[in-house]
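# Chain and residue survey
Single-letter residue listing:
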Amino acid sequence: MLKFAASIALSTSILLSAVPAYAGGREIPNDLRRCQSGKGPAVKVEIQGLKEATGKVRVQSYRGTKDEWLKSGAWLNRIEVPVTAKSMTFCLPFSQAGEYAIAVRHDLNGNGKTDLTSDGGGMSNNPSISIFNLGKPSYKKTKFALGNEVKTISISMKYM
């Protein structure tokens, strides 16, 4: 019985080690000073078209890979703040140059849940979002290259 339990434990650990573990990144403040010239690598995210100046907005960065884009817990940095205007600017710093993607969510009523009929979203490169792809375009459509500079991107929010 002990050998059987040991073999199950070993098999389980091998299976789990083959699956990437995403612990989630870190929540950071929206410090626009980190997007001043010469402070890269960083992305200055300019968001336009927030439906109302209510609720909360969440901006998350991901590696621009198929394995990590929009995967639960795979985000690198997250900024979540109350919406104060219909256009807002954020700064997401990165530890190194690479390919990344940004996702934005507007929780219009601030209830912490995704309300498909009212909440909005947007992504780097502003890909089209439809009911057919359930709002999750390919990482290929959202990724961008970031060197050691501060790059500015613009994201237009979309609502149902």
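Model, not experiment: these values are computed from the prediction.

Scoring rules and cut-offs
Residues numbered from 1 in each chain as written. Predicted model: local features only at pLDDT ≥ 70, side-chain atom pairs only at ≥ 80, totals over all residues. Heavy atoms only, no water. Phe/Tyr/Trp six-rings, centres within 6.5 Å; stacked < 30°, edge-to-face > 60°. Buried < 20%, exposed > 50% of the residue type's maximum accessible area, 1.4 Å probe, protein only. Salt bridge = Lys/Arg side-chain N within 4 Å of Asp/Glu carboxyl O.

### Some details on the packing of aromatic side chains
Per the counting criterion, the structure on display carries two aromatic pairs. Each ring, one from Y62 and one from W69, has its centre 5.3 Å from the other, and the planes form 80°; the classification is edge-to-face. Here Y62 falls in the buried class, since its relative accessible area comes to 4%. By relative accessible area, W69 is classed as buried at 6%. An angle of 40° between the planes, with centres 4.1 Å apart, marks the rings of F94 and Y100 as tilted. On the accessibility criterion, Y100 (5% relative accessible area) is buried.

### So, the pattern of salt bridges
Taken as a whole, this structure holds seven salt bridges when the rule is applied. Among the ionic pairs, R63 bridges to E68, the shortest N-O distance being 3.0 Å. Judged by relative accessible area, E68 falls into the buried class, the value being 16%. Linked through salt bridges whose partners overlap, the residues forming this network are R105, D107 and D119.

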